[in-house]
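Observations on the model geometry
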Amino acid sequence: MNCRHIVLIIAACLLPLTASRAEEAPERNGFQLTKLLIPIKDIKQGGPPRDGIPSIDDPKYIAPGEADFMRDDDLVLSFSHGETTRAYPLRILVWHEIVNETIAGKPILVTYCPLCGTAMIFDRRVGGKTRSFGVSGMLYQSDVLMYDREDESLWSQLKMKAVSGSLSGTEFTLLPSAHLTWKAWQKKHPDGEVLSTDTGHRRNYRGRAYASYFDSPDTIFPVPNHREELPKKDWIVGVITEGKAVAFPVKLLAEKLEASHEGVTVKYNPTSRLATATGSDGAELPTVTAFWFGWQAFHPETALWKP
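Residues numbered from 1 in each chain as written. Predicted model: local features only at pLDDT ≥ 70, side-chain atom pairs only at ≥ 80, totals over all residues. Heavy atoms only, no water.

**Brief notes about the sheet that holds strand S8 (residues 106-113)**
Ordered by their spatial adjacency, four strands build an open sheet running S7-S8-S9-S16, and the pairing between neighbours is antiparallel. For this open sheet the edge positions go to strand S7 (98-103) and strand S16 (174-175), each flanked by a neighbour on one side alone. Where strand S9 (residues 118-123) lies against S16, two bridges are found, and the strand directions are antiparallel. Across the sheet, Ile121 pairs through a bridge with Leu175, a residue of S16. (Pairing = 2+ DSSP bridges. Helix = DSSP H or I, 4+ residues; strand = E, 2+ residues; numbered from the N terminus.)

Structure representation (structure tokens):
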């Protein structure tokens, strides 16, 4: 057997291995990005590693009168189920971004992305089982990418679905929640429960995290700018009904107090900063308070209400 024959044999043996490696899914931050629904170039490393922002998996609660770390104008995300109402202060969520929670027997996922300003609650029962979620350390269009610990699929908060992994394409169920000031929440729910700073982690929950970011008109990560009717960081109240997205600028809502567009009616209280939405049938619709840049990135065809 001459050298040429040996080379041909070795090359033939290596072909299956080379093909196998070519077919391997790309990896980011320890996640295999199979069945990817979003462009891989748009997945950005947020800074912290996987679970570097720790989710709260064993939440503890206190009475409103015990929450001495809260200020009147602090914002909370409120959720009610059965006879239980709980408040999730954004000053705690900013350090954890995820709370895996069960309230009155209902498993929910409390999420917060400080970069998009979006606090949203989903049903944790997806894909036929109750799941536990963590922070991947990655972003898509400046919005948090979460992962479920059972299948390690990646989930986009604002896209409201899994974007990679075995569950890719599976949608979240967004649940109605209230986004309002601490003072207003206490008045409305004096017997409610408040997420405690006893999270198992040491953080400055009395400080103002992301202060310079919220005070700046700029984003940290590049985001597709499909729509320029509003400044990037203007606040909007977003609603999705019958598959269509509608955005209501908060500045205009604060003047008009009530607005209707495409079958959606939004009422807004500028003192409590609470927005509520109903559909044409009068049923309550979930709302999402967000920076305009984030909402329009995920909903480039969104309707935009104007008086």
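There's more to say after this.
**Notes on unusual backbone geometry**
We note that Glu152 has phi near 60°; this positive angle belongs to a residue other than glycine. Structurally, the position occupied by Glu152 is in the loop between strand S13 (143-148) and strand S14 (154-156). According to the relative accessible area criterion, Glu152 is partly exposed, its value standing at 30%. Even without being a glycine, Glu262 presents a positive backbone phi close to 50°. (Buried < 20%, exposed > 50% of the residue type's maximum accessible area, 1.4 Å probe, protein only.)

**Here we look at the environment of Ala25**
For Ala25, the position within the fold is in the loop between helix H1 (3-23) and strand S1 (27-28). Sequence-wise, Ala25 and Lys35 are ten residues apart; in three dimensions their C-alpha atoms are separated by 8.5 Å. Once residues lying within four places of it in the same chain are set aside, the contact partners of Ala25 are Gln32, Leu33 and Thr34. (Contact = heavy atoms within 4.5 Å.)

**Some thoughts on the packing of aromatic side chains**
Applying the stated rule across the entire model yields 15 aromatic pairs. Ring centres of Tyr213 and Phe214 lie 5.9 Å apart, and the angle between their planes is 75°; on these two criteria the pair is classed as edge-to-face. Judged by its relative accessible area of 6%, Tyr213 falls in the buried class. Assessed through its relative accessible area of 25%, Phe214 is described here as partly exposed. (Phe/Tyr/Trp six-rings, centres within 6.5 Å; stacked < 30°, edge-to-face > 60°.)

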